[in-house]
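What the coordinates show
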Amino acid sequence: MRAQARIDLQHIASNIQHLKSMSGTPVMAVVKADAYGHGLVPVAQAALDAGASSLGVALLEEAITLREAGISAPILAWLVPPGSDFKVAVDNQIELAASSIIALEEIGAVKSELRPRVHLEVDTGMTRGGFLDEWGRIDTHHISNLDVVGIFSHFARADEPSEKQNELQRNRFKEMIATLESFGYTKIVRHISNSAATLKDQDSRFDMVRVGISMYGLSPDVKTLGDSAALGLKPVMQLRAKLHLVKTVPANLPVGYGAMAHTSKETKLGVVAMGYADGIPRVAQGAGVFVAGRRAPIIGRVSMDQFVVDLGIDSQANSGDWVIVFGDGAKGEYTADDWGRASGSINYEIVTRIGPRVPRIYAPHE
Ligand SMILES: *Cc1c(COP(=O)(O)O)cnc(C)c1O
């Protein structure tokens, strides 16, 4: 094997337990996008075993895959556009988010033994999904054929806890809840917190929190909230690849496509058997790998299947050794945050884009 993503499900358990005890509310484990690249079914099962009460996904297909794997916990799917097979959702007891009248009408029109269960998604300031202009126009006949079981919203700036927008969104959410309650819906699940709000905003927990990135042991934003260790989280994914080749080279050699870098002195270079086809960003500069007890930075541009690192002339690394591309910053390894920063992106994008060519191995990190 030349590359693998080691997924430590014990760390999922530890992160879920930590988030649950700190929030004091039921936890929805967000497992969309193949559990942020960690593997949908194993992660969902581990999160439920560790005390998560329900699962959150974007797509109906993701929810169906969970049901086909035998998972019977509540599942909410929030990106199921008009024209989707809502009957399959209802028949499989998948709860649906609705953010428009047409969605309510389509879901309400499903013919099933079961009544559709819907969470109303409301726009409190993210200005993406959620009821906004149509909110005042929902009529009883739009919801008479379904059960409204929840109301939820999403923060745009929860990773910046001191921003006024968070308070504005929370207040707007409370107003929208009050409107719904005035129609007699007093027992619905109210939820707005993502990971950042769960970690930093005690006033926004309501009846449930939806945790994604923090369950995977990563910080929503290292700069504003601190790193994994500071937040009491354990990174779940350790990405490893083999050194295809180690060789000694002189100073002033151009390295890689476009000769974007040159060796500054005689050194050992390592060719890492992983590239942008595996999800390593082509533009990444400033990250690298951890091998033989130290960090070795990228040199030159990332290729499709490989990239080159500067090991240093006295490195003990050999061809065929495993390197850690990212893992636990507390052990000196580069992190998904480092790779995010190195490519003008965020850790979320790094882990979700690790490609299908990289097998996920469910085992402790090495
Ligand atoms: C992805 C997502 C989450 C999880 O966000 P994190 O920042 O990863 O915790 C929560 N709610 C909704 C609606 C989402 O789309």
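About the criteria used
Residues numbered from 1 in each chain as written. Predicted model: local features only at pLDDT ≥ 70, side-chain atom pairs only at ≥ 80, totals over all residues. Heavy atoms only, no water. Near = heavy atom within 4 Å. Polar contact = N/O pair within 3.5 Å; in protein donor to acceptor, adjacent residues only side chain to side chain. Areas by Shrake-Rupley, 256 points an atom, 1.4 Å probe, with all protein chains shown as cover. UniProt positions renumbered as here; feature names shortened; annotations may be inferred. Helix = DSSP H or I, 4+ residues; strand = E, 2+ residues; numbered from the N terminus. Contact = heavy atoms within 4.5 Å. Core = buried A, V, L, I, M, F, W, Y, C linked by side-chain atoms within 4.5 Å. Buried < 20%, exposed > 50% of the residue type's maximum accessible area, 1.4 Å probe, protein only. Domains from an automatic or database assignment. Buried area = accessible area lost by both parts, 1.4 Å probe. Salt bridge = Lys/Arg side-chain N within 4 Å of Asp/Glu carboxyl O. Pairing = 2+ DSSP bridges. Axes fitted to C-alpha atoms, helices over the stretch in contact; angles between N-to-C directions. 1 Å grid on protein atoms, 1.4 Å probe; cavity = no way out; pocket = protein on both sides within 12 Å on 5 of 7 lines; lining within 4 Å. Points joined across faces, edges and corners; volume = space filled by probe spheres on them. Nonpolar A, V, L, I, M, F, W, Y, C, P; charged D, E, K, R; others polar.

1. Quick word on the site of the ligand
Around the ligand, the surrounding shell consists of Val30, Lys32, Tyr36, Trp78, His154, Asn194, Ser195, Arg210, Val211, Gly212, Ile213 and Tyr348. Trp78 has a polar side-chain atom sitting 3.3 Å from an oxygen atom of the ligand. Within the side chain of Arg210, an N or O atom sits 2.8 Å from a nitrogen atom of the ligand. In isolation the ligand has 390 Å² of accessible area, and contact with the protein removes 93% of it.

2. Quick look at the UniProt feature "modified residue: N6-(pyridoxal phosphate)lysine" (unreviewed entry) in the chain
Using the residue numbers shown here, the UniProt feature "modified residue: N6-(pyridoxal phosphate)lysine" (unreviewed entry) corresponds to Lys32. By the secondary structure assignment, Lys32 is in helix H2 (residues 32-37). When neighbours within four sequence positions are excluded, Lys32 is seen to be in contact with Gly56, Val57, Ala58, Glu62 and Trp78.

3. Remarks on the environment of Leu59
Among the structural elements, Leu59 can be located in the loop between strand S3 (54-57) and helix H4 (60-68). Taking C-alpha positions, Leu59 is 27 Å from His18, a pair spaced 41 residues apart along the chain. Leaving out residues up to four positions away in the same chain, Leu59 has contacts with Ala77 and Leu79.

4. Some words on the nonpolar core
One finds Val31 and Trp339 to be the most contacted residues of the largest nonpolar core, which totals 112 residues. Broken down by element, the residue count for this core peaks at six residues, all from helix H3 (residues 40-49). Structurally, this core is a two-domain feature, drawing no fewer than three residues from each of domain 1 (9-216) and domain 2 (237-362). Excluding anything up to four places from it in sequence, Trp339 contacts Ile280, Pro281, Ala284, Ala287, Gly288, Ile298, Phe307, Val325, Phe326, Tyr334 and Ile350. Counting seven residues, the second-largest nonpolar core is a separate cluster that includes Val249, Val255, Val271 and Val308.

5. Here's the deal with the domain arrangement of the chain
Domain boundaries assigned for the chain yield domain 1 (9-216) and domain 2 (237-362). Computed over C-alpha atoms, the centres of domain 1 and domain 2 are 37 Å apart. At the junction of the two partners, domain 1 supplies eight residues and domain 2 supplies seven residues. Buried area between domain 1 and domain 2, both sides added, is near 750 Å², and the carbon and sulfur share of it is 68%. Summed over the shared surface of domain 1 and domain 2, the result is zero salt bridges. Here domain 1 and domain 2 share two residue pairs in polar contact (both at pLDDT 80 or more) between them.

6. Structural notes on the sheet that holds strand S2 (residues 27-30)
Read around the barrel, eight strands follow the order S2-S3-S4-S5-S6-S7-S8-S9 and close on themselves; strand pairing throughout is parallel. Neighbour-to-neighbour, the strand axes of the sheet open up by a mean angle of 30 degrees, direction not taken into account. Here strand S4 (residues 75-77) pairs with strand S5 (residues 94-98) via three bridges, running parallel. Looking at the pairing, Ala77 lines up with Leu96 of S5. Here helix H1 (residues 9-23) sits on the sheet in contact with S2 and strand S9 (208-211), set at roughly 145 degrees to S2. On top of the sheet, helix H8 (residues 164-182) reaches strand S6 (117-121), strand S7 (147-152) and strand S8 (189-193); it is set at about 165 degrees to S7, its chief contact.

7. Notes on the layout of surface pockets
In this structure, the largest pocket spans a volume of roughly 770 Å³. What lines the largest pocket is a set of 37 residues, among which Lys32, Trp78, Met126, Arg128 and His154 lie closest to the centre. Elements with a contribution of two residues or more to the lining of the largest pocket: H2, S5, helix H6 (101-108), helix H9 (195-200) and S9. Within the lining of the largest pocket, the residues separate by chemical class into 23 nonpolar, eight polar and six charged. In this structure, the second largest pocket occupies an estimated 270 Å³ of space. In terms of lining residues, the second largest pocket is bounded by 13 residues, among which Asp221, Val222, Arg341, Ser345 and Ile346 are the most central. Breaking the lining of the second largest pocket down by element, the ones donating at least two residues are helix H10 (222-225), helix H11 (336-342) and helix H12 (347-352). At three residues, the largest contribution of residues to the lining of the second largest pocket is made by H11.

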